[in-house]
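# Coordinates in review
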Amino acid sequence: KQEVTQIPAALSVPEGENLVLNCSFTDSAIYNLQWFRQDPGKGLTSLLLIQSSQREQTSGRLNASLDKSSGRSTLYIAASQPGDSATYLCAVGFRTLTFGKGTMLLVSP
Amino acid sequence: DVKVTQSSRYLVKRTGEKVFLECVQDMDHENMFWYRQDPGLGLRLIYFSYDVKMKEKGDIPEGYSVSREKKERFSLILESASTNQTSMYLCASSATREEETQYFGPGTRLLVL
C-alpha cells in the first residue's frame, strides 16, 4: 500500500527566505503527484500537478520536482511571503490519491 | 473556474441520527470523492464515484454510504452517526481518470454529540 511522508511536519521561516518542502512515497509506480495548499479550516487548493512522465512543474514562485526512482518530490518556494503561511500537502496516485500529512509553514514578517 | 460546493460549513448532530452531506460540482466532472480529515491522520478516502449511480469504497467506508443520482451531485450518508465520525469532511471532483487534478470544496465540519 502506498505511503506518503512529508518532512518536516512544521517549518517557520522569516519573510524572503527560499525554502524546500519534502515529500517521499513508497511505491514508485505512481501516475501523478500533486501539491496542495490548505488554509486553516478550509478546503484544499491545487498548486501543481506533475504527471509521471514529467520531472518538474513551475507556477510563479513555486517549483515542484519529481524523482520517481528515489520516490521523492520537493516543493521549492522562492522569496517566501507571510501569505504563503498554510499547510502544504503532497498526494500521489493513479485514479485515487494518497495524501501525506502535510507540512505546516509559517512565514513571519 | 471549477467550483465545488458543500451544503453546510458546520453541522451538529446527535448520536444515532442519519446525516446527509451534499456536494455539487459545476464543471461536468466524471469523478467525485469524499474524504475525512482528522488531526494526526491526514486525509482519508471514504468513497468515490466515476459515473452516475456508480460507487467504489475507499480506505474507510465503514459507517458511511453514498449516492450519485446525477452527475453533478455526490452525497455522503452517515446511516447512524457516532461520536467517532466527528470530523472535517471534504468533497472533491476531477475531470477524467487520467488527469487526476482534484478540486476540493470548502469542507463540512461535523460534530456528533
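The structure this text deals with has already been given above.
Residues numbered from 1 in each chain as written. Chains lettered and ligands numbered in written order. Predicted model: local features only at pLDDT ≥ 70, side-chain atom pairs only at ≥ 80, totals over all residues. Heavy atoms only, no water.

Residue and element names in this part refer to chain A. Here serine 80 is to be found in the loop between strand S8 (72–77) and strand S9 (86–94). Within polar-contact distance, the side chain of serine 80 engages the backbone oxygen of glutamate 17 at 2.8 Å. Beyond its immediate stretch of four places on either side in the chain, serine 80 contacts Val13, Pro14, Glu15, Gly16, Glu17, Leu19, Arg61 and Val107. (Helix = DSSP H or I, 4+ residues; strand = E, 2+ residues; numbered from the N terminus. Polar contact = N/O pair within 3.5 Å; in protein donor to acceptor, adjacent residues only side chain to side chain. Contact = heavy atoms within 4.5 Å.)

Attention now moves to the side chain of A:Arg37. Residues and elements named next belong to chain A. Tracing the backbone shows arginine 37 in strand S4 (residues 32–38). A polar contact of 3.4 Å, which involves the side chain of arginine 37, links it to the backbone oxygen of serine 85. Contacts of arginine 37, omitting those with residues within four sequence positions, involve Gly43, Leu44, Thr45, Leu47, Gly83, Asp84, Ser85, Ala86, Thr87 and Tyr88.

Opposite the 19 residues of chain A that make contact, chain B presents 23 residues. The junction of chain A with chain B conceals about 1,700 Å² of combined surface from both sides, 54% of it contributed by carbon and sulfur atoms. It is A:Leu44, A:Arg95 and A:Phe99 in chain A that bury the most area against chain B; as a group they hold 31% of the surface buried on that side. Remark: the boundary between chain A and chain B carries zero salt bridges. In this structure, the connection of chain A to chain B is made through four residue pairs in polar contact (both at pLDDT 80 or more). Listed by contribution, the elements that provide at least two residues to the side of chain A that touches chain B are S4, strand S5 (44–51), S9 and strand S10 (96–99) of chain A. Of all the elements, S4(A) adds the most residues to the side of chain A that touches chain B, at four residues. Across the side of chain A that touches chain B, the residue classes tally to eight nonpolar, seven polar and four charged. (Buried area = accessible area lost by both parts, 1.4 Å probe. Salt bridge = Lys/Arg side-chain N within 4 Å of Asp/Glu carboxyl O. Nonpolar A, V, L, I, M, F, W, Y, C, P; charged D, E, K, R; others polar.)

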